[in-house]
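# Observations on chain architecture
Here's the letter readout for the chains.
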Amino acid sequence: MRVEVDGRGVEVEPGATILDAATAAGSYVPTLCFDERMAPFGACRVCMVGMEGADAPVAACTTLCREDMRVTTDEATARRIAAATVELVLSELPEPPAPHTELARVADFLEIGEPRWQGERRRPSHDRRHPYLALQHELCISCGRCVRACDEIQGAFALTATGRGFGSGITAGLDSGFTNSTCVSCGACADTCPTDAITEGSLLELASAYTEEPGGGV
Amino acid sequence: DTPFDFDELAAEGCMVGHGGILAFDERTDMRALASHLLEFGAHESCGKCFPCRIGLKRAFEMVDSPGPVDRPRLEALLETLELGSLCAHGGGMPAPIRSLIEHFPDELGLSGGELPTEEPEDPYSRRPEERREDDPGDR
C-alpha cells in the first residue's frame, strides 16, 4: 500500500507500521524502546508523530499503516510530547546520560535542556556479580529492551521487569543476578540497552580511567 | 444542580468516569484532594510507559510540595500525560485535575496565571537561537 511520510510517498507491505514507513521514506523518528530486531513495544512514547485525521499524535512504532495515510514526523504537538517525555526521563536519572548512549543522542536531537519537572531520582544500585555484564540500576529507564532481547532473540528469559510505577526496573533471575539465572552471557541485553544500565564491565573501568572526577560516571 | 449524565457533566468540564460518586463538602481542601488523586494515580501506574510512570510522580510532587504550583508547568505535564500515555490511566488522570483547576483555581494555589501557548514558554525547552537575551536558559 502507499502512504505519505513528510510529503514523500512510499510503498509498504500490509502490517507495516508508521515507523517502518518513516524509515523507508528516509525520515528519522527518535525512539528509545524500539529495536528493529524485536517486536515493537510502545513503552517510551517518544516516537509520537502527527497523522492526518487523528485528533492527537500517534506512536509510530505500534500504529499500522493504512492506504493513503499521511504522516508528519516533526508535527509540533507530537514533537512537544516526545521532548517532554524525554525530559521526564532525564529528570529521574541521577546524572545526565553519557554522550555515547542512545538516550543522550535522542536528548540532543530533541534539544532537551534542564528538565522542568524535578523530583525524586533513581537510587544507585550496582550489580557486578557477573564477570563482565555490569548492571547499574539507577541508569535504567525501563524501556524493556533487555527483557525482550533475552526473550525474543536469545530465548533465555533471564531478565524480567520488576516493580511498578516510578519504582519500575529490571532484574536478572529472581533478583539473583545474571550468574544465578538462566543467563547464557550472550550480551544481547548490553548490546540493546540505550543507556549504560547494562554494559560490559571492562568498559566501565576504561571510562573511569579517563574521567577527571573521582569515581566519575561512564 | 447538574444532572449526572455524560453530556451534562462534560459541559461542566467533568466526566462520568466509572460512574461512582464521591461527595465532599465545602470544608474539603481541594489542593489536598488533587494531591490525593495524583498520589493514587502515581501509585497505580503500571510503569510501562514513560509519561505516566514518571509524569504522574512528578505531578504529585508538584502539588504535594508546599508553595504555589506553577500553572504552565503543570499544564504542560498534564498535556504530556494526556496525549503521550499508552493507556487511559495516564491519559485520563489529567481530566479530574483540570476539572479542579477550572472550578477551584484559588484553592489549588496556582501561580503563573495564563495557559501555555502553542510552544511552552519555559526557557529550558527553547533552542539556543530562539532564546531572548534575558533568558536564564541552561548555558
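None of these values were measured; they are calculated from a predicted model.

## Quick word on the interface of chain A and chain B
Chain A puts 34 residues into the contact, and the matching count from chain B is 34 residues. Three residues stand out in chain A for area buried against chain B, namely A:R80, A:R116 and A:W117, and they jointly supply 23% of the buried area on that side. Applying the counting rule to chain A against chain B returns four salt bridges. With its nearest N and O atoms 2.6 Å apart, the salt bridge here joins A:R80 to B:E79. Our count for the chain A to chain B interface comes out at 17 residue pairs in polar contact (both at pLDDT 80 or more). Broken down by element, the residue count for the side of chain A that touches chain B peaks at ten residues, all from helix α2 (residues 76-92) of chain A. The residue makeup of the side of chain A that touches chain B, split by class, is 16 nonpolar, ten polar and eight charged.

## Some words on the sheet that holds strand β1 (residues 2-5) of chain A
Residues and elements named next belong to chain A. Read from one edge to the other, the open sheet built from five strands follows the order β2-β1-β5-β3-β4, with strand pairing classed as mixed. Among the strands making up the open sheet, the edge pair consists of β2 (8-11) and β4 (58-59). Taken together, the two bridges between β1 and strand β5 (residues 70-72) define a ladder with parallel strand orientation. Bridge pairing links E4 to R70 in β5.

## Focus: the side chain of B:E79
Secondary-structure assignment places B:E79 in helix α4 (residues 71-84). A distance of 2.6 Å separates polar atoms of two side chains, one belonging to B:E79 and the other to A:R80.

## Structural notes on the pattern of salt bridges
The full count for this structure, using the stated rule, is 17 salt bridges over all chains. Between A:R70 and A:E4 there is a salt bridge whose closest N-O contact spans 3.4 Å. With A:R70 in strand β5 and A:E4 in strand β1, the pair connects residues that are 66 residues apart, well separated along the chain. Overall, A:E4 belongs to the buried group, its relative accessible area being 18%. A salt bridge links B:R71 to B:E75; the nearest nitrogen and oxygen atoms lie 3.6 Å apart. Of this pair, B:R71 and B:E75 are both found in helix α4, four residues apart, which corresponds to roughly one turn of the helix. Under the relative-accessibility criterion, B:R71 is labelled buried at 18%. Exposure remark for B:E75: the relative accessible area of 12% places this residue in the buried category. Put simply, A:D35, A:R37, A:E102, A:R145 and A:D191 are held in one network by salt bridges that share partners.

## Examining unusual backbone geometry
Residues and elements named next belong to chain A. Within the chain, E111 stands out as a residue other than glycine whose phi angle is a positive 55°. Mapped onto the fold, E111 is located in the loop between α3 (102-109) and β6 (126-127). Of note, the phi angle at F157 is positive, near 55°, even though the residue is not glycine. Within the secondary structure, F157 sits in the loop between α4 (145-154) and β8 (159-162). Looking at F157, the relative accessible area reads 54%, which means it is exposed.

## Thoughts on helix α1 (residues 18-25) of chain A
Residue and element names in this part refer to chain A. Of the positions making up α1, those classed as buried are I18, L19, A21, A22 and A25. Looking down the long axis of α1, one finds its buried residues gathered within 160° of arc, a one-sided arrangement. Away from the buried face of α1 by more than 90 degrees, exposed residues T23 and A24 are located. Buried residues along α1 sit in contact with β1, β2, β3 (48-51), β4 and β5. Where α1 terminates, the next one or two residues include G26, which has phi positive at roughly 80°.

## Thoughts on the pairing of strand β7 (residues 133-136) of chain A
Residues and elements named next belong to chain A. Burial along β7 is two-sided: the face carrying L133 and L135 and the face carrying A134 and Q136 are both buried. Bridge count for β6 against β7 is two bridges, and the pairing is antiparallel. Residue pairing in the sheet places D127 in a bridge with L135 of β7. The turn joining β6 and β7, which pair antiparallel and follow one another in sequence, is formed by five residues. By the bridge criterion, three bridges tie β7 to strand β10 (residues 198-200) in an arrangement that is antiparallel. Residue pairing for β10: L133 is matched across the bridge by E200.

Rules behind the numbers
Residues numbered from 1 in each chain as written. Chains lettered and ligands numbered in written order. Predicted model: local features only at pLDDT ≥ 70, side-chain atom pairs only at ≥ 80, totals over all residues. Heavy atoms only, no water. Contact = heavy atoms within 4.5 Å. Buried area = accessible area lost by both parts, 1.4 Å probe. Salt bridge = Lys/Arg side-chain N within 4 Å of Asp/Glu carboxyl O. Polar contact = N/O pair within 3.5 Å; in protein donor to acceptor, adjacent residues only side chain to side chain. Helix = DSSP H or I, 4+ residues; strand = E, 2+ residues; numbered from the N terminus. Nonpolar A, V, L, I, M, F, W, Y, C, P; charged D, E, K, R; others polar. Pairing = 2+ DSSP bridges. Buried < 20%, exposed > 50% of the residue type's maximum accessible area, 1.4 Å probe, protein only. Arc of directions from axis to C-beta.

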